[in-house]
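Commentary on secondary and tertiary structure
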Amino acid sequence: MMDVPCVQWQDYVAQKWTRLGPELKEKFTSLFEIHDVFKCALTLTTQDDLDFVQSISAGHSVEKDAEQAARCRERGNSSFKTRDYTAAALHYSQGICFAPLSSEQLSLCYANRSAALYHLQHYQESLDDIDRALKNSYPSHLLHKLEDRHMQCLKHLSAGQKAKEDQPNPASKNHKDPDRVKRAAVDPLTIGIHPQAAVDFSPEKGRHLVAAERIAAGEVILHDRPYSCVLIPGMEEVQEKGRRQDTERAELLGVEHRRCHRCLIETMCPVPCEGCNYSRYCSTSCQRDAWEEHHCWECPLGADLMVMGVMSQLALRVTLKAGLKNIQKARDPNTDKHTSCLNRESSDPCTSYYGDSYSSVFHLRHHLDHHSPGVRFLCAVTIAALYVKLSKAGSPPASWDLSRPLGSNSQSPDEEGDIENWNSELWLLGSVVLRHMLQLRCNAQAILMLQDTGAANSPVQSSREIRIATAIFPTLSLLNHSCCPNTSLVFSTGTSLPADVCENVAEYSSTARGVTVTVRAAKVITAGQEILHCYGPHNSRMATQERQRLLQEQYYFLCQCEACTLQQEGGTEGSQQWSGVGDSPPSGILCGKCKGSLKKSSETRGIGFICSQSPCGHQMSSSEVSHRLQEIRVNLDKAVDLMERERPDEALILLRRAQSQSGLILAETHPVQGELADATARAYASMGDWNNAASHLERSATAIGSQYGEDSIELGRQLFKLAQLHFNGGARGPALSVIPKVRELLCLHSGPDCHELQELRAMEDCLQG
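Residues numbered from 1 in each chain as written. Predicted model: local features only at pLDDT ≥ 70, side-chain atom pairs only at ≥ 80, totals over all residues. Heavy atoms only, no water.

The subject of this paragraph is the overall build of the chain. Within the chain, the regular secondary structure consists of 28 helices and 18 strands. Per-residue burial for the chain yields a buried fraction of 52% across its 769 residues. Here the analysis covers contacts within the chain between residues at least 6 apart in sequence; of these, 68% occur between residues at least 24 apart. Accessible area for the chain stands at about 35100 Å²; split by element, carbon and sulfur atoms hold 49% of it. (Helix = DSSP H or I, 4+ residues; strand = E, 2+ residues; numbered from the N terminus. Buried < 20%, exposed > 50% of the residue type's maximum accessible area, 1.4 Å probe, protein only. Contact = heavy atoms within 4.5 Å. Areas by Shrake-Rupley, 256 points an atom, 1.4 Å probe, with all protein chains shown as cover.)

With 65 residues, the main nonpolar core has Trp9, Ile327, Tyr358, Phe377 and Leu434 as its most contacted residues. When residues of this core are assigned to their parent elements, the largest contribution, twelve residues, is made by helix 17 (residues 373-393). If we skip the residues at most four places from it in the chain, Leu434 touches Ile34, Val37, Phe38, Cys379, Ala380 and Ile383. (Core = buried A, V, L, I, M, F, W, Y, C linked by side-chain atoms within 4.5 Å.)

With that settled, the discussion passes to helix 15 (residues 310-331). Taking 1.5 Å of rise per residue, 22 residues should cover 32 Å, yet helix 15 covers just 25 Å from first to last C-alpha, more than 12% shy of that figure. A maximum bend of about 95° is found in helix 15 at Gly323. Extensive coverage of helix 15 is indicated by the burial of 16 of its 22 residues. (Expected span 1.5 Å × (residues − 1). Bend = angle between axes of the 7 residues up to and from the residue.)

This brings us to the side chain of Glu298. Considering the arrangement of structural elements, one finds Glu298 in helix 13 (residues 284-298). Note on Glu298: relative accessible area 2%, which makes it buried. Not counting residues within four places of it along the chain, the set of residues in contact with Glu298 comprises Leu305, Gln313 and Arg317.

Across a sheet, paired strands are connected by hydrogen bonds in the backbone, their directions being either parallel or antiparallel. Spatially, 16-17-18 is the arrangement adopted by the three strands of the open sheet, whose pairing is antiparallel. Both outer strands of the open sheet, strand 16 (598-600) and strand 18 (619-620), are each paired with one neighbouring strand and no more. (Pairing = 2+ DSSP bridges.)

On to the packing of aromatic side chains. Any two aromatic rings considered together are summarised by their centre-to-centre distance and by the angle between their planes. On inspection of all chains with the given rule, the structure shows 14 aromatic pairs. Here the aromatic rings of Phe28 and Phe377 are separated by 5.3 Å at their centres, their planes lie at 85°, and the arrangement is edge-to-face. Highlighted residues: Phe28 in helix 2 (residues 22-29) and Phe377 in helix 17, separated in sequence by 349 residues. Across the pair, exposure class does not vary: Phe28 and Phe377 are buried alike. With 5.5 Å between their ring centres and 85° between their planes, Phe38 and Tyr387 make a pair best called edge-to-face. With Phe38 in helix 3 (residues 34-44) and Tyr387 in helix 17, the pair connects residues that are 349 residues apart, well separated along the chain. Taken together, the ring pairs in this structure connect Trp9, Tyr12 and Phe52 into an aromatic cluster. Across from the ring centre of Trp427, 4.5 Å away, lies the NZ or CZ of Lys39, which sits over that ring. Its guanidinium or amino end placed over the ring of Phe362, Arg435 lies 3.9 Å from that ring's centre, counting from NZ or CZ. (Phe/Tyr/Trp six-rings, centres within 6.5 Å; stacked < 30°, edge-to-face > 60°. Lys NZ or Arg CZ within 6 Å of the ring centre and 35° of its normal.)

Before going further, it helps to spend a moment on helix 24 (residues 671-686). The first and last C-alpha atoms of helix 24 sit 23 Å apart over 16 residues, in line with the 22 Å expected at 1.5 Å per residue. Positioned one or two residues after helix 24, Gly688 has a phi angle of 80°, which is positive.

Strand order in the open sheet formed by four strands is 1-4-14-13, with antiparallel pairing between adjacent strands. For this open sheet the edge positions go to strand 1 (192-193) and strand 13 (487-492), each flanked by a neighbour on one side alone. Judged from the two bridges that link them, strand 1 and strand 4 (residues 220-224) form a sheet pairing that is antiparallel. Paired with Ile193 across the two strands is Leu222, which belongs to strand 4. Packing of helix 27 (residues 732-750) onto the sheet brings it into contact with strand 13 and strand 14 (516-521), and relative to strand 14 it is tilted by some 120°. (Axes fitted to C-alpha atoms, helices over the stretch in contact; angles between N-to-C directions.)

Before going further, it helps to spend a moment on the packing of helix 22 (residues 622-644) against helix 24. For the pair helix 22 and helix 24, the least separation of the axes is 11 Å and the interaxial angle reads 25°. If you check the angle between helix 22 and helix 24, you find them roughly parallel. Handedness of the crossing formed by helix 22 with helix 24: left-handed. Here Ile632, Arg633, Leu636, Val640, Met643 and Glu644 of helix 22 lie close against helix 24, whose contacting residues are Val672, Glu675, Leu676, Ala679, Arg682 and Ala683. Its residues assigned to classes, the contact of helix 22 with helix 24 shows eight nonpolar, no polar and four charged. (Parallel < 35°, antiparallel > 145°, perpendicular 65-115°, else oblique. Left-handed = near helix turned anticlockwise from the far one by under 90°. Nonpolar A, V, L, I, M, F, W, Y, C, P; charged D, E, K, R; others polar.)

This part is about the confidence of the model for the chain. On average, residues of the chain score 83 in pLDDT, and 80% of them reach the 70 mark or higher. This model gives residues 169-189 a pLDDT under 50, and the stretch forms 25 contacts once residues within four places in sequence are excluded. (pLDDT = per-residue confidence, 0-100.)

Locating Glu293 in the fold gives a position in helix 13. Spatially, the C-alpha atoms of Glu293 and Pro397 are 9.8 Å apart, while their sequence positions differ by 104 residues. Ignoring sequence-local partners within four residues, the contact set of Glu293 consists of Arg262, Leu320 and Lys321.

Here we take up the pattern of salt bridges. Tallied over the entire structure, the rule returns 21 salt bridges. Between Asp129 and Arg132 there is a salt bridge whose closest N-O contact spans 2.9 Å. On the criterion of helical spacing, the pair formed by Asp129 and Arg132 is a turn pair, its members being three residues apart in helix 8 (residues 123-135). The exposure class assigned to Asp129 is buried, which follows from its relative accessible area of 0%. Notably, a salt bridge pairs Glu668 with Arg699, separated by 3.3 Å at the nearest N-O pair. Here Glu668, found in the loop between helix 23 (648-663) and helix 24, pairs with Arg699, found in helix 25 (residues 690-708); they are 31 residues apart in sequence, far enough to count as distant. (Salt bridge = Lys/Arg side-chain N within 4 Å of Asp/Glu carboxyl O.)

See below:
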């Protein structure tokens, strides 16, 4: 499931639109008030539509299944026998989520997971699972196993506690550092916009953020929590495009299996939803909070939500969380005490900023008039079908039940309820869900996390960013787009504020759990300058024409940022290199005749590139360039696959072949050269050849610096790997020389408390000791 509804539903709704008569089409197209659009779609929604949703959602069952639980447990047993205890724990967790309540399979899965957690030295978690197994009728003839493990866990915990007490000055994250206490007391990191920035408004840009004073590079501009977010299922945390993975491993690595569905933190021992096999949480508190806020209504609709897409689910979740009272308040901004109008002459509430309240979400632009009739119809019919499904599940949600006082206890959909309780005025619920779905097309924010991509025992860290969730952030939504942004975003899960702040500032202790984004200045921002971040199309990854096309299609504006303007005026976009396709010289493609740089030709049809050296004038077609790049890519992908199977010597043969091919056509700064050098460094590192590994990684860093910039986080991560290689190889001087640059870049983009900097400090202490 991705953001938009599944292809079958999109095709079905498109056919429904085609079959509409001219009058109905004209009527629907002429509606520009969201509640009118929803009402119209609701009248057009038939039982056939609901039956079709049922037919395609049948393949996404979220019901408990004892047989599936048994199969997961068997897979866990296989991993346990090979001593892959992490994989075993994940398989057992999947079995726990499938197992029906109070079943023998549930108790067996808990017991087996406790064994895997014991071997992973998670003794308290192992004890918790032992208790759960006993509460779910664990077979009496096997009780002696749990009793023995219970005793061993207590011994280990007791020994660990004694060692901690005997340690004179423990260096743990709970140690009270006076400097940290002072810093937290003086400048606590609050959710919201920091004083150095201010909200502004203009008719051209709408609400946006500007620097109220000079902001130094690396300085925090704002912290924000999502009003709501939805985990993206099916996103594999370690699988890279083009890489072969077996089905079982891919199943283990899906984010929906490894992360809490509320706070998104990684967990190997999730607490399952009692009603479905899909949702799981890091703790009973996250489970309870999610149930009360939205999941009691999502649970029976789980399979339907799978086919209707993440945007539909997030729109519904935002609406359920807000409730009728908050929505009525947002619809009448004069009643909202948080309102702070920036343009008081304007009656448009979209020009006002409401802090992190629901009103900020409600008044985001929905661009109804910009969406094509087909997109509007798809969104409206999707939400109308979802609304009807929800109304048939039982009584209205407590926060929407007009017959009960607001705030009364929520009622589960499977409790006895009357569909007649769905007052005719409750079409407002569907209308608001549609409003949020349309808003999310332009205002949704991907939550990105850094994930390890190498083997667990790899001597050098390898990682990449993956998208794990879609969210709506009230304050972050104020930032406009730039293809060359002046900010960096870092997302955190589980705890929304740094440990030292949560520990020493009491007001944050009860609200510290969740997802947080921190926005920092990536460069100096002068007073009055707009604060910008990238919506996806970045000038270091994509050519101008393609960026502008994507932004126009999704966000309905023609980008005129610095990078786009420079290119339009005939300038270059810096030293960014493209993978053989683009409009920005130099291309990173070499002339086969004189080894000069080829540039993209826009004058002669059929000629993709022409040598930039006028005496030469050698030409090469785009198809030939693409073919030669593809040959290099094939060898690179095969080599990476061999390394995944721990055959680095064979991988090196392919990598040398790819390097010979790339040397004939690609400059050293081309991105593919960087990938080749990185892969070669990994192969040498896995064989313990640290000097060769470091040499190739330096070449990779050169290409990355050319592509992303010398002050980019991408270069910082690559140089961090280089520091690891030098350290592992005992190269004291080279390691100490690269560490300051790594520290500078990581502090700039990720802040002084990121875990890479902690590892860097440990390396430096060891080298200098």
